[in-house]
Amino acid sequence: MPDITPSREPGLSVRVDATWLSGILRADEIRRDTLVSLVQHWGDDDARADIICQLDALAEADTSPREGELDHLVEAVESAAAMDDAEVRIDLTAALRLRAELDAVIETLGRFNPARAARLPRQQDRRAA
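Within every chain, residues take consecutive numbers counted from 1 along the sequence as written. Restriction of local features to residues with pLDDT of at least 70 applies here, the model being predicted, together with a cutoff of 80 or more for giving and counting side-chain atom pairs; totals for whole chains, interfaces and linings are based on all residues. By convention in this description, side-chain values take in all heavy atoms of the structure and omit both hydrogens and water.

Notes on helix α4 (residues 92-109)
Helical geometry: 3.6 residues make up each α-helical turn, so side chains three or four residues apart lie on a common side. Only DSSP runs of H or I with at least four residues qualify as helices, and only runs of E with at least two residues qualify as strands; both kinds are numbered from the N terminus onward. Residue count minus one, scaled by 1.5 Å, sets the expected span of a helix. Over its 18 residues, α4 extends 25 Å from the first C-alpha to the last, a length consistent with the 26 Å expected when each residue adds 1.5 Å. Among the residues making up α4, those that are buried are A94, R97, L98, E101, D103, V105 and T108. We call two N or O atoms a polar contact when they sit within 3.5 Å, provided that within protein one can donate a hydrogen and the other can accept it, with sequence-adjacent residues counted only if both atoms are side-chain atoms. One side-chain oxygen of the residue at the start of α4 lies 3.3 Å from the amide nitrogen of T93, identifying that residue as D91. For every residue, the accessible area obtained with a 1.4 Å probe (protein chains only) is divided by the maximum for its type, and the residue is called buried under 20%, exposed over 50%, and partly exposed between those limits.

Spelled out as structure tokens, the structure:
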């Protein structure tokens, strides 16, 4: 199935999934920042031991997680590695591009509920206001 919402910058983009039932937000910078944050603390022996301990606990729980357990363990890894929030700053150009991509996704997803999608403002309607 062709990608109906191609982006000029796929590393920060919004598109429809292969089933056309949901949208996908891609933000590669978050993964990059997460890994960089992890390795920045890797050089400290105590921090590395704590990170490894938390990663081991996460790996063990991943085989049969209880409700909420994975979230708690992921937070423990983030804490051990002193990670910041998973955020990406965007400028106006990126915001406008993402809005256009998201509008295309909403239009595609709206085909299953055309009455509701018809009530949603479109990008060109927002510009006219």
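Here's the deal with the pattern of salt bridges
Each salt bridge in this description consists of a side-chain nitrogen of Lys or Arg and a carboxyl oxygen of Asp or Glu lying within 4 Å of one another. Under the defined criterion, the tally for this structure stands at six salt bridges. In this structure, R48 engages D45 in a salt bridge whose closest nitrogen and oxygen atoms are separated by 2.5 Å. Of this pair, R48 and D45 both sit in helix α2 (residues 45-62), three residues apart, which is roughly one turn of that helix. Classification of R48 as partly exposed rests on a relative accessible area of 25%. Residue D45 is classed as exposed on the basis of its relative accessible area of 53%. The partner of R66 in a salt bridge is E69, with the nearest N and O atoms 3.4 Å apart. Overall, the relative accessible area of 62% leaves R66 in the exposed class. Judged by relative accessible area, which is 18%, E69 ranks as buried.

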